[in-house]
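# Examination of the molecular architecture
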Amino acid sequence: SGNFEFDGEAVRAECQKRKAYDSTNFTKNFNNNPKLFDAFDTYNKGTSIKLSEAGKAELLKAIMEIAK
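Here's what I pulled together on the structure shown here. (Residues numbered from 1 in each chain as written. Predicted model: local features only at pLDDT ≥ 70, side-chain atom pairs only at ≥ 80, totals over all residues. Heavy atoms only, no water.)

## Points about a nonpolar patch on the surface
Short version of the rule: Patch definition: residues with relative accessible area over 30% and no salt bridge; like charges joined within 9 Å; nonpolar side chains (Val, Leu, Ile, Met, Phe, Trp, Tyr) joined within 5 Å. Here the open area of atoms and residues is found with the Shrake-Rupley method and a 1.4 Å probe, where only the protein chains shown may cover a residue. For this document, the term salt bridge refers to a Lys or Arg side-chain nitrogen within 4 Å of an Asp or Glu carboxyl oxygen. Secondary structure is summarised from DSSP: a helix means a run of H or I of at least four residues, a strand means a run of E of at least two, and numbering begins at the N terminus for each.
On the surface, Phe4, Leu59 and Ile63 cluster together to form a nonpolar patch covering roughly 250 Å² of accessible area. Within the fold, Phe4 resides in the segment before strand 1 (5-7).

Here's what the structure looks like:
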């Protein structure tokens, strides 16, 4: 949709599939970086998460690093 919006549980499933899931720190990673998400207070299952402008900038950095 171009909204940079995602389901956190879909991210969890993908992490598990790729064997990169850390059950202790999964939600902490979201909760410790609220500036990366719009209107974000705390991680809740079933809610849609949208990247903020700061989150989009971090995504761009990650893409550029991968593209090297």
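Now that the structure has been shown, the text picks up again.
## Notes on the side chain of Arg12
Under the convention used in this document: Only protein chains enter the accessibility calculation, which uses a 1.4 Å probe. A residue is then buried if its area is under 20% of the maximum for its type, exposed if over 50%, and partly exposed in between. Any pair of nitrogen or oxygen atoms within 3.5 Å is treated as a polar contact; in protein, a donor-acceptor pairing is required on top of that, and neighbouring residues in sequence qualify only through side-chain atoms on both sides. Any two residues whose heavy atoms approach within 4.5 Å at even a single point are treated as in contact.
Topologically, Arg12 is positioned in helix 1 (residues 8-17). The buried category is assigned to Arg12, whose relative accessible area is 13%. Side-chain polar atoms of Arg12 contact the side chain of Tyr21, separated by 2.6 Å. Dropping the residues within four chain positions of it, Arg12 is found in contact with Tyr21, Phe26, Thr27, Tyr43 and Lys45.

All we've got here are geometric facts, nothing functional implied.
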